Amino acid sequence: MLLPTIQQPEHLKTLSVEELVELAAEIRQFLIEKLSVTGGHLASNLGVVELTLALHYCFDSPSDKMIFDVGHQAYVHKILTGRKDQFDTLRKYKGLCGFVKRTESEHDVWEAGHSSTSLSAAMGMALARDLKGGSNRVVAVIGDGALTGGMAFEALNHIGHEKKKLMVILNDNEMSIAPNVGAMHNYLSKIRSDRHYLRAKDEVESLLKRIPAIGDRLAKTAQNVKDSLKYMMVPGILFEELGFTYLGPVDGHDLGKLMDTLRQADNVDGPVFIHVITTKGKGYHPAENDSHKWHGISPYKIESGQVLKSVGNPQYTDVFGATLVELGKQDDRIVAVTPAMPGGSGLIPFSKEFPDRMIDVGIAEQHAATMCAALAMEGMKPVFAVYSTFMQRAYDQIVHDICRHNANVMFAIDRAGFVGADGETHQGVYDIAFMRHIPNLVMMMPKDENELRHMMYTALEYNDGPIAYRYPRLSGLGVSLDEELRTIPIGSWEKLSSGEGCAILAAGPMVQLAETAADMLKREGVQVQIVNARFMKPLDTGMLDQLATSHTAMIVLEEASQAGSLGSAVLEYFAEQGAYDAVVSLMGIEDRFIEHGSVEQQRAEVGLTAEAVCARVRELTAPAVGARNKRSVSS
Ligand SMILES: Cc1ncc(C[n+]2csc(CCOP(=O)(O)OP(=O)(O)O)c2C)c(N)n1
Ligand SMILES: CC(=O)[C@@H](O)[C@H](O)COP(=O)(O)O
Ligand SMILES: [Mg+2]
């Protein structure tokens with residue numbers, strides 16, 4: 001066994017290629033075993049075992065900067081940099097992060113989680129190196145999916161212009177999470193797969209070398225022929241034309257070839273684009289067979305590949321997907337648009353039913369948003385199906401192209417709230433704050449999966465501009481689903497129980513949390529009012545005015561950033577009304593990033609628990625405090 005001897009990358013340098021091959025097999029087995037218990041991004045990491053070994057064998061991290069795009073495929077990097085003993089805590093609360101993490105190791109030089117940032121980071125690090133007179137290498141590993149992200153093209157354009165010495169390694173496994181899409185993908189496929197193309201390239205190149213330099217005129221012609229033939233035959237001509245030296249395509253599982261190519265790249269004085277061909281899920285049959293499913297996987301049985309999914313109620317996402325099919329049958333104007341997340345967003349059923357009305361644009365949230373605006377202007381009913389966290393990429397397009405045009409776009413915002421194991425880069429906790437202040441937008445969140453369906457129908461029937469519904473990465477409550485869908489009056493909240501003293505305004509899963517707290521308080525003889533504050537915009541100002549007089553205090557309970565979300569909106573309202581005696585207490589997420597763990601652990605960390613709600617109610621309704629607070633707004 002070689003793996004126990006590898007504590008740091010330098011331990012690799014003494015190994016032979018044969019030993020590295022053996023080590024690669026051990027690492028694969030390690031990943032398959034560990035992730036069968038913890039879950040994680042198995043397929044992506046199985047695909048980069050040899051590539052990561054070759055990188056750490058040939059180059060010298062951390063002085064040489066190794067940047068992993070998205071960072072979900074950095075488990076091998078973590079194994080080789082002294083963290084293999086922490087893998088039992090992978091993606092667990094206070095355990096090993098599932099992405100690159102600077103606080104974990106000096107070898108982790110760039111964090112991500114969101115895709116397509118690695119090339120910009122590489123350019124920044126190369127620029128800084130040169131300004132400081134440094135000589136370290138800068139290497140970015142980017143997947144073919146991440147390469148479809150607009151930022152990557154912006155960086156390629158700039159890198160090719162500046163011609164800084166750096167390496168871009170394209171890990172091309174033909175997969176994003178789902179099969180990759182786009183013209184770039186098709187171009188890469190041509191390079192990847194056309195054997196004749198590759199053989200001809202060698203023949204042409206050796207022929208060209210034999211053309212003797214004769215007479216100026218003929219030599220000029222010969223050079224033109226050479227250039228045009230090169231244009232046809234050099235596989236990565238696109239990248240060459242952008243100013244890179246293109247190397248490849250190279251077998252990403254052949255350690256010898258990989259190392260030769262890295263050494264060749266190292267001798268190039270300028271930007272190099274290395275096209276590496278890998279198999280996502282390499283070495284584990286179930287993952288190779290279905291790398292979409294095994295991109296991010298729950299714990300599983302190694303022998304059978306059977307996933308040990310917890311049996312729960314249908315996920316909100318599944319209810320969204322099924323309801324969209326129902327609505328799609330009623331209205332052929334509905335077009336679903338996803339930025340590379342057809343599976344995660346629950347759109348596979350819709351794509352099967354309406355293949356030409358489910359559009360996967362690749363990792364291109366900005367493009368998706370603006371395209372939806374145009375679809376709406378042309379009379380379609382676009383559904384922008386997007387994770388809250390990834391929608392952050394499209395803020396300007398939402399303002400500039402959707403809301404300013406008052407385009408009738410429906411936002412299906414999934415993963416709203418804490419997301420659990422993906423942690424701080426993926427928490428869906430900012431979208432209320434960054435959307436509710438945009439003119440023309442309506443925003444709502446259902447208390448359960450049945451209300452989600454009614455909200456989807458409400459959005460479809462709403463023709464006055466952009467409308468968003470947001471829902472969590474959770475199982476539903478198991479409530480029965482109404483056959484008949486009805487519209488919900490825009491801006492209407494819902495009183496769920498009666499009570500005096502304190503009213504709890506809650507949205508989404510926080511309604512259930514409020515109900516748990518209310519049951520606990522009832523045992524103390526305290527009856528609180530619960531309100532399903534299901535519209536973030538517009539607020540139900542009529543109910544707010546009523547509550548301000550009928551109750552002594554209000555708590556706004558939300559799994560969102562406390563700054564700028566629903567609680568802020570309520571405070572703003574009362575301040576605008578001059579209702580300074582309204583006692584409003586906010587319970588949301590404080591001003592910091594919340595790392596990976598379970599959703600329950602993340603809620604507990606920020607005090608979103610039934611016990612904390614009870615304590616807040618007691619505090620607000622205690623006679624002395626109530627009177628004192630009459631004059632102020634607490635939060
Ligand atoms: C901005 C953004 N949108 C969507 C995602 C979700 N996402 C995570 S990994 C991934 C696919 C990445 O494909 P690729 O870069 O080819 O990596 P592979 O897993 O194939 O190695 C996507 C779409 C993301 N991380 N960031
Ligand atoms: C790495 C990445 O961004 C995606 O794989 C993400 O982890 C998917 O999230 P879900 O598991 O919530 O679909
Ligand atoms: Mg890929």
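As recorded in an unreviewed UniProt entry, the chain goes by 1-deoxy-D-xylulose-5-phosphate synthase and comes from Paenibacillus algicola. Check the Function (unreviewed entry) section of the UniProt entry for the chain; it says "Catalyzes the acyloin condensation reaction between C atoms 2 and 3 of pyruvate and glyceraldehyde 3-phosphate to yield 1-deoxy-D-xylulose-5-phosphate (DXP)." Within the UniProt record for the chain, the comment given under Subunit (unreviewed entry) is "Homodimer."

A. View of the site of ligand 1. Neighbouring residues of ligand 1: 22 residues in total, closest S44, H72, G145, K280 and E365. At 2.9 Å, a side-chain N or O of N173 approaches an oxygen atom of ligand 1. In this structure, an oxygen atom belonging to ligand 1 sits 2.8 Å away from a side-chain N or O atom of K280. When ligand 1 is considered free in solution it has 580 Å² of accessible area, and contact with the protein chains removes 97% of it. Split into classes, the residues belonging to the shell around ligand 1 amount to 7 nonpolar, 11 polar and 4 charged. Counting only domains with at least three residues in the shell around ligand 1, you end up with domain 1 (60-72 + 93-180 + 235-280) and domain 2 (316-470).

B. Here's a closer look at the UniProt feature "domain: Transketolase-like pyrimidine-binding" (unreviewed entry) in the chain. In this structure's numbering, the residues bearing the UniProt feature "domain: Transketolase-like pyrimidine-binding" (unreviewed entry) are residues 314-479. Across residues 314-479, helical content stands at 39% and strand content at 16%; the span's end C-alpha atoms are separated by 10 Å.

C. Local environment of unusual backbone geometry. The linkage connecting S61 with the following residue, P62, adopts the cis geometry, with an omega of 5°. Topologically, P62 is positioned in the loop between α3 (49-58) and β1 (65-68). Residue G248 is joined to P249 through a cis peptide bond whose omega torsion reads -5°. By the secondary structure assignment, P249 is in strand β4 (residues 245-251). Even without a glycine there, the phi angle at R91 is positive, about 65°. Looking at the secondary structure, you find R91 in the loop between α4 (75-83) and α5 (118-131). Residues other than glycine seldom take positive phi values, yet E174 does so here, at roughly 65°. Relative to the assigned elements, E174 resides in the loop between β3 (166-172) and α7 (183-193). A relative accessible area of 40% places E174 in the partly exposed class.

D. Here's a closer look at the nonpolar core. Among the nonpolar cores identified, the biggest contains 80 residues, and F320, Y469, W493, L505 and L557 are the most heavily contacted of them. The element that contributes the greatest number of residues to this core is helix α20 (residues 509-522), accounting for 7 residues. Each of domain 2 (316-470) and domain 3 (494-628) accounts for three or more of the residues forming this core. Those residues within four positions of W493 in sequence are excluded, and the remaining contacts are L505, V531, N532, A533, R534, F535, L539, D540, M543, L544, L566 and V570. Residues A43, I169, V276 and I297 belong to the second largest nonpolar core, which totals 57 residues.

E. Examining the UniProt feature "binding site: thiamine diphosphate" (unreviewed entry) in the chain more closely. Here, the residues flagged by UniProt with the feature "binding site: thiamine diphosphate" (unreviewed entry) are H72, G113, H114, S115, G145, A146, N173, Y284 and E365. Taken along the chain, the residues just named run across 294 residues; in space they spread out, the farthest C-alpha pair reaching 31.8 Å. Following the sequence through the fold, H72 ends up in the loop between β1 and α4. Ignoring any residue separated from it by four or fewer positions in sequence, one finds H72 in contact with H41, S44, N45, G98, F99 and H295. At 3.3 Å, the side chain of H72 forms a polar contact with the side chain of S44. The topology assignment puts N173 in the loop between β3 and α7. Discounting chain neighbours no more than four positions away, the residues touching N173 are D144, T278, T279 and K280.

F. Inspection of the packing of aromatic side chains at higher detail. In this structure the tally under the stated criterion is 19 aromatic pairs. Look at Y75 and F87: their rings are 6.0 Å apart centre to centre, the planes differ by 70°, and that puts the pair in the edge-to-face class. With Y75 in helix α4 and F87 in the loop between α4 and α5, this pair connects stretches of sequence that are 12 residues apart. F87 matches Y75 in its accessibility class, with the two residues each being buried. For the ring pair F384 and F411, a centre distance of 5.9 Å and an interplane angle of 55° mean the geometry is tilted. Placement of the pair is F384 in strand β8 (residues 381-387) and F411 in strand β9 (residues 410-414), with a sequence separation of 27 residues. A residue is classified by how much of its surface remains accessible, and F384, at 0% relative accessible area, is buried. F411 gets classed as buried once you look at its relative accessible area, which sits at 0%. Here the aromatic residues Y187, F239, F244, Y246 and F273 are joined through ring pairs into a cluster of three or more. Taking NZ or CZ as reference, R357 lies 4.2 Å from the ring centre of F354, over its face.

G. Broad picture of the environment of L53. Residue placement: L53 occurs in helix α3. Residue L53 is classed as buried on the basis of its relative accessible area, which comes to 0%. Separated by 135 residues in sequence, L53 and L188 have C-alpha atoms that sit 24 Å apart. Other than its neighbours up to four places away in sequence, L53 contacts L12, L20, L23, A24, I27, L80 and L255.

H. Up close: the site of ligand 2. Around ligand 2 sit 13 residues, and of these Y387, R415, D422, H426 and R473 come closest. One nitrogen or oxygen atom from the side chain of H41 is found 3.0 Å from an oxygen atom belonging to ligand 2. In this structure, an oxygen atom belonging to ligand 2 sits 2.6 Å away from a side-chain N or O atom of H426. For ligand 2, the accessible surface in isolation is 360 Å², of which the surrounding protein chains cover 86%.

I. A look at the domain arrangement of the chain. Structurally, the chain comprises domain 1 (60-72 + 93-180 + 235-280), domain 2 (316-470) and domain 3 (494-628). For domain 1 and domain 3, the distance between their C-alpha centres works out to 46 Å. Tallying the contact residues gives 6 residues for domain 1 and 5 residues for domain 3. Buried surface at the junction of domain 1 and domain 3, summed over both partners, amounts to about 500 Å²; 48% is from carbon and sulfur atoms. Our enumeration of links across domain 1 and domain 3 arrives at 1 salt bridge. Counting every contact that joins domain 1 to domain 3 gives 2 residue pairs in polar contact (both at pLDDT 80 or more). Here the residues of the side of domain 1 that touches domain 3 sort into 3 nonpolar, 1 polar and 2 charged.

Calculation notes
Residues numbered from 1 in each chain as written. Chains lettered and ligands numbered in written order. Predicted model: local features only at pLDDT ≥ 70, side-chain atom pairs only at ≥ 80, totals over all residues. Heavy atoms only, no water. UniProt positions renumbered as here; feature names shortened; annotations may be inferred. Near = heavy atom within 4 Å. Polar contact = N/O pair within 3.5 Å; in protein donor to acceptor, adjacent residues only side chain to side chain. Areas by Shrake-Rupley, 256 points an atom, 1.4 Å probe, with all protein chains shown as cover. Nonpolar A, V, L, I, M, F, W, Y, C, P; charged D, E, K, R; others polar. Domains from an automatic or database assignment. Helix = DSSP H or I, 4+ residues; strand = E, 2+ residues; numbered from the N terminus. Buried < 20%, exposed > 50% of the residue type's maximum accessible area, 1.4 Å probe, protein only. Core = buried A, V, L, I, M, F, W, Y, C linked by side-chain atoms within 4.5 Å. Contact = heavy atoms within 4.5 Å. Phe/Tyr/Trp six-rings, centres within 6.5 Å; stacked < 30°, edge-to-face > 60°. Lys NZ or Arg CZ within 6 Å of the ring centre and 35° of its normal. Buried area = accessible area lost by both parts, 1.4 Å probe. Salt bridge = Lys/Arg side-chain N within 4 Å of Asp/Glu carboxyl O.

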